[in-house]
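Overview (structure and organization)
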Amino acid sequence: MWSDIIHEFADSPSQGRVVRFLLENGFGVNDEGRICCNGIEIPATSVAKAIGSDRRVVDSTARRILERPFLREIFLNMRATPDLSRVAESLGLSVIVVMPKDASERGIVSAAVRVLAKHSLSIRQIFVTDPQFSEDPKLVIIVEDPLPAGVVNEIRALPQVRQVII
């Protein structure tokens, strides 16, 4: 699906950068053609500055999104979710970052979750960076409790795992 969205902008690399930025950050477009995050408008100049582009490119990309029903439906409903990994320590949470050998392989998330469930750890948040948007995709798991001895080694021993960072 993401490749279909990016393909829609293959004829305009500058608009493609805008779309990639919107997808990476969970930003959408409202009915008025303005970039927004969970209903809050974000100035096109701010988006342009963040990606090293021009406000007019951001505006034309938003208009183009609204003109295509497939894209319109996606970007009108896009939502951002907070990433607790940056504040986990302050909240008393533990973070496990799993770097896969091959991010396109199935079963990485379920294998890691099985290890955590075996140790009765309560997961507060879990997310995966999409391999189409990230050069180094990863699985991030935030758990409520301190990690018991052996959990990291068990996850590291999974066949799909290249590296574990805590």
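Residues numbered from 1 in each chain as written. Predicted model: local features only at pLDDT ≥ 70, side-chain atom pairs only at ≥ 80, totals over all residues. Heavy atoms only, no water.

**Observations concerning the sheet that holds strand 2 (residues 35-37)**
- In spatial order, the strands read 1-2-3; together these three strands make up an open sheet with antiparallel pairing. Of all the strands in the sheet, just strand 1 (28-29) and strand 3 (40-41) have a single pairing partner and so form its edges.
- Note: strand 1 against strand 2, two bridges, orientation antiparallel. Residue pairing across strands places Val29 opposite Ile35, the latter belonging to strand 2. (Pairing = 2+ DSSP bridges. Helix = DSSP H or I, 4+ residues; strand = E, 2+ residues; numbered from the N terminus.)

**Considerations on the sheet that holds strand 6 (residues 139-143)**
- With respect to topology, four strands assemble into an open sheet ordered 5-6-4-7, the strand pairing being antiparallel. At either end of the open sheet lies a strand with only one pairing partner, and these are strand 5 (123-128) and strand 7 (161-165). The average angle at which neighbouring strand axes cross in this sheet is 15°, direction not considered.
- Bridge analysis of strand 4 (residues 94-100) against strand 6 gives five bridges, and the strand direction is antiparallel. The residue of strand 6 that forms the bridge with Val98 is Leu139.
- The strands touched by helix 7 (residues 108-118) are strand 4, strand 5 and strand 6; relative to strand 6, the strand with the most contacts, the crossing angle is about 25°. (Axes fitted to C-alpha atoms, helices over the stretch in contact; angles between N-to-C directions. Contact = heavy atoms within 4.5 Å.)

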